[in-house]
Amino acid sequence: MYDLKTKPTDSSVTAFLNKIEDETKKNDCYKIAEILKEITGYESKMWGTAIVGFGSYHYKYASGHEGDMCMIGFSPRKANITIYLFAYAVQNEEFTKGLGKYKTGKGCLYINKLSDIDLDVFKNMVLKSIEKTKEHYQIT
């Protein structure tokens, strides 16, 4: 059986965020953590070595592969801050309209800094992502 690397750990989120050398990125990550905690109602938790996650859900694919993942999360990467959302929220222009400067992946939003995006639009994306996750998966 496949052992997932991205799973909750007891590592300190604060210690992880404090290691960020770029002060703007560090401050942005603390603000993102504050926003996500406020919206989700969950405390932050490290998932693997580099993702700060909030809440969790259980998934099971048609192939039989299953596991748990954070409902929403982010990671300060070298090039940007990656925010992990439900793919529907990221790929739906209705939710990204007016967001600002960003890039997307299948279920990721990539931003350079918070000042590049509209926080109200971002918060709405987070809410929609959580709604869609709850519609499709069992929240754990």
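Above this text sits the structure in question.
Residues numbered from 1 in each chain as written. Predicted model: local features only at pLDDT ≥ 70, side-chain atom pairs only at ≥ 80, totals over all residues. Heavy atoms only, no water.

Q: I'd like a rundown of the pairing of strand E1 (residues 44-47), residues and numbers included.
A: Each regular strand carries side chains that alternate between the two faces of the sheet. In terms of strand pairing, E1 meets strand E2 (residues 51-54) through four bridges, oriented antiparallel. By the bridge assignment, Trp 47 is partnered in E2 with Ile 51. The loop that links E1 with its antiparallel partner E2 comprises three residues; one of these, Gly 48, has a positive phi angle of about 65°. (Pairing = 2+ DSSP bridges. Helix = DSSP H or I, 4+ residues; strand = E, 2+ residues; numbered from the N terminus.)

Q: Break down the sheet that holds strand E4 (residues 66-69) for me, citing the residues and quoting the values.
A: Within a sheet, adjacent strands bond to each other through the backbone by hydrogen bonds, running parallel or antiparallel. Taking strand neighbours across the sheet as the criterion, the three strands line up as E4-E3-E9 in an open arrangement whose pairing is antiparallel. Unpaired on one side and paired on the other, E4 and strand E9 (138-139) mark the two borders of the sheet. Two elements, strand E3 (residues 57-60) and E4, share four bridges in a ladder whose sense is antiparallel. Each residue of the ladder has a partner; that of Tyr 59, found in E4, is Gly 67.

Q: Any details on the packing of aromatic side chains? Residues and values, ideally.
A: Under the criterion given, the structure shown has one aromatic pair. Pairing Tyr 57 with Tyr 59 gives two aromatic rings, centres 6.3 Å apart and planes at 55°, and the pair type is tilted. By relative accessible area, Tyr 59 is classed as buried at 9%. (Phe/Tyr/Trp six-rings, centres within 6.5 Å; stacked < 30°, edge-to-face > 60°. Buried < 20%, exposed > 50% of the residue type's maximum accessible area, 1.4 Å probe, protein only.)

Keep in mind that these numbers describe shape and distance, not what the molecule does.
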